[in-house]
Amino acid sequence: MTSASSPVVILDFGAQYSQLIARRVREARVYSEILPHDTPWEEIRRREPRAIILTGGPESTLEPGAPAMDARILESGVPVLGICYGMQLIARDCGGRLIPSSIREYGQAELALEADVPSPLFEGLPAHSVVWMSHGDTVTELPPGFKPLAHTARTEIAALGDRQRKLYGVQFHPEVVHTAQGRRVLENFLYGVAGIEPTWQMGNFVDDAIARIRAQVGEAKVVCALSGGVDSAVAATLVARAIGEQLTCVFVDTGLLRAGEADEVTAAFRDVMHLDVRCIDARERYLKLLAGVVDPERKRVLIGHEFIKIFEEQAAAIAGVRFLVQGTLYPDVIESKTKGSKAGHKIKTHHNVGGLPEQMKLELVEPLRLLFKDEVREVGRVLGLPEHIVNRQPFPGPGLAVRVLGAVDEARLRVLRAADKIVREEIDGSDGLQPHPWQYFAVLTPLKSVGVMGDGRTYANMVAIRAITSEDGMTADWARLPFDLLARMSTRIVNEVEGVNRVVYDITSKPPATVEWE
Ligand code: XMP
């Protein structure tokens, strides 16, 4: 059985697809962890890995200083699968030969298995199948002990293996969906070559996590900031399961939440998740803070700082508090651990509860740091969290303050909340939207325009509807919502929300726009 203590280790050579490999392995119900490519063997061995996967990477193994791995990995007896750059590395380090290819191979290709060398890696695959390639260098001479397992029209050695030592390499990318049999190849490696049983599931994770939290925290007091989002809710619930009353949660009602939200989430925290929550009514404080502030960055910074101040005040009032719970997820951990991730230009100062520890002298409890977002949702379900928390759409830390464009006051927040409620009701109530928008909300613009209602002239606010499709919020496209649905939202907003006489639909993607308007 795999568990968090004996994972499949994925060594990251800077591939675009490292996270995808980890996800595919976990989808095969085998636990996996990503480590930087130069992790010393001692550190890998300590984890008792059941198998090791070497990712692709942007470099060439033929160049001086190319990312390498600890030589002891290939001698350890642990089964290894090298993907793309990973295969080239196995070939190079085991004594084969490579050349920089004059013909590059990108995109789809047809993989033909070598009929005379049946391999457990390709068990059950058809003789020909579509694979996805992306490489320059090519293996021209096999290392001693290896056999060629497959070729494509352009690449003579597209897969290689040493059955005895359980070392395998594939030039193609089994982790991408364009490789028709990719899932099968990975499963063959995990189950067939490495002999791992597909037993990883969220129930195991929950039990492991609870034991680890207890061991880390002991008798100490722990504090957690709840945002209403899924990450902090799941993290807090796990910690509460582990240490019960030693945990105090703090929820700050900034007044910048959506209609009904503060009541809904606090009720769920208390009645369903049984968390000890201190609800801080900071609505007045935030309105004062934001009065007259128009600049979006200034709003974001003020809101973030105020949140930290309030949270610090609350934490200081809890005697003996030593730990802080954070809902950090695996992508953030990988981002800061693996090399080569260059920070881009700052577009917006994102604020969420993850900004807290830099300011506070508390040790961190991060029970989700090995999980992906969809796995966090699954843990939430295992823990019995309500669907409206588990499936909550992303909501920015600064809340509605970045959706009321320009100065924020209670009257404008009220208009936005009412319009936003209609947008959510209509989209939530529309079955079969394909794809279902990833995020959808209303924005109150600072524009007024002329309209006519009854027989009278109006001069009132303009509301924009934003609905996007996205995987992760990094890029997004505007959702192609049915016209009838748009019409219903528009009619309801102008009829039901006082002070609005015009509704527009935002048809910009990200980039060049961003998801939020501020
Ligand atoms: P942008 O507007 O940057 O938004 O394209 C991308 C995604 O991030 C959300 N967002 C935030 N999330 N704190 C957060 O936790 C923030 O300060 C913040 N600002 C934007 C946004 O809703 C979208 O899903």
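Scroll up to find the structure this text is about.
All of these numbers come straight from a predicted model, not from anything done at the bench. (Residues numbered from 1 in each chain as written. Predicted model: local features only at pLDDT ≥ 70, side-chain atom pairs only at ≥ 80, totals over all residues. Heavy atoms only, no water.)

Visitor: So what exactly am I meant to see when it comes to unusual backbone geometry here?
Guide: Most of the time, phi is negative for any residue but glycine, and the peptide bond is trans. Put simply, Lys-510 and Pro-511 share a cis peptide bond, and its omega is -15°. Omega for the bond connecting Pro-511 with Pro-512 falls within 30 degrees of zero, at 10°, which places this linkage in the cis form. Inspection of the secondary structure puts Pro-512 in the segment after strand S18 (500–505). Unlike most non-glycine residues, Lys-166 shows phi in positive territory, near 60°. You can see Lys-166 is positioned in the loop between strand S8 (159–162) and strand S9 (167–170). Backbone geometry places His-274, a non-glycine residue, at a positive phi of 55°. (Helix = DSSP H or I, 4+ residues; strand = E, 2+ residues; numbered from the N terminus.)

Visitor: I would appreciate a short explanation of the side chain of Asn-501 in the present structure.
Guide: Examined against the element boundaries, Asn-501 turns out to sit in strand S18. Residue Asn-501 is classed as buried on the basis of its relative accessible area, which comes to 13%. A distance of 3.0 Å separates a polar atom in the side chain of Asn-501 from a polar atom in the side chain of Thr-458. Setting aside anything within four residues of it in sequence, one finds Asn-501 in contact with Ser-449, Val-450, Gly-451, Met-453, Thr-458, Tyr-459, Ala-460, Asn-461 and Val-494. (Buried < 20%, exposed > 50% of the residue type's maximum accessible area, 1.4 Å probe, protein only. Polar contact = N/O pair within 3.5 Å; in protein donor to acceptor, adjacent residues only side chain to side chain. Contact = heavy atoms within 4.5 Å.)

Visitor: I would appreciate a short explanation of helix H14 (residues 483–496) in the present structure.
Guide: Residue pairs three or four apart in sequence face the same way in an α-helix, which turns once every 3.6 residues. The first and last C-alpha atoms of H14 sit 20 Å apart over 14 residues, in line with the 20 Å expected at 1.5 Å per residue. Those residues of H14 that fall on the buried side of the exposure criterion are Leu-485, Leu-486, Met-489 and Ile-493. Looking down the long axis of H14, one finds its buried residues gathered within 100° of arc, a one-sided arrangement. Those residues of H14 that are exposed and aimed more than 90 degrees away from the buried face are Phe-483, Asp-484 and Asn-495. (Expected span 1.5 Å × (residues − 1). Arc of directions from axis to C-beta.)

Visitor: Can you help me understand empty space enclosed by the protein in this one?
Guide: With a probe scaled to a water molecule rolled over the atoms, the places where space remains empty come into view. Summed over all chains, the structure comprises 1 cavity of 30 Å³ or more. Roughly 40 Å³ of volume is contained in the largest cavity. If you go around the largest cavity, the residues you meet are Arg-24, Glu-27, Ala-28, Arg-183, Leu-186 and Glu-187. With 3 residues, the single largest contributor to the lining of the largest cavity is helix H4 (residues 182–193). Grouping the amino acids of the lining of the largest cavity by side-chain chemistry returns 2 nonpolar, no polar and 4 charged. (1 Å grid on protein atoms, 1.4 Å probe; cavity = no way out; pocket = protein on both sides within 12 Å on 5 of 7 lines; lining within 4 Å. Points joined across faces, edges and corners; volume = space filled by probe spheres on them. Nonpolar A, V, L, I, M, F, W, Y, C, P; charged D, E, K, R; others polar.)

Remember that the coordinates give geometry; whether it matters functionally is a separate question.
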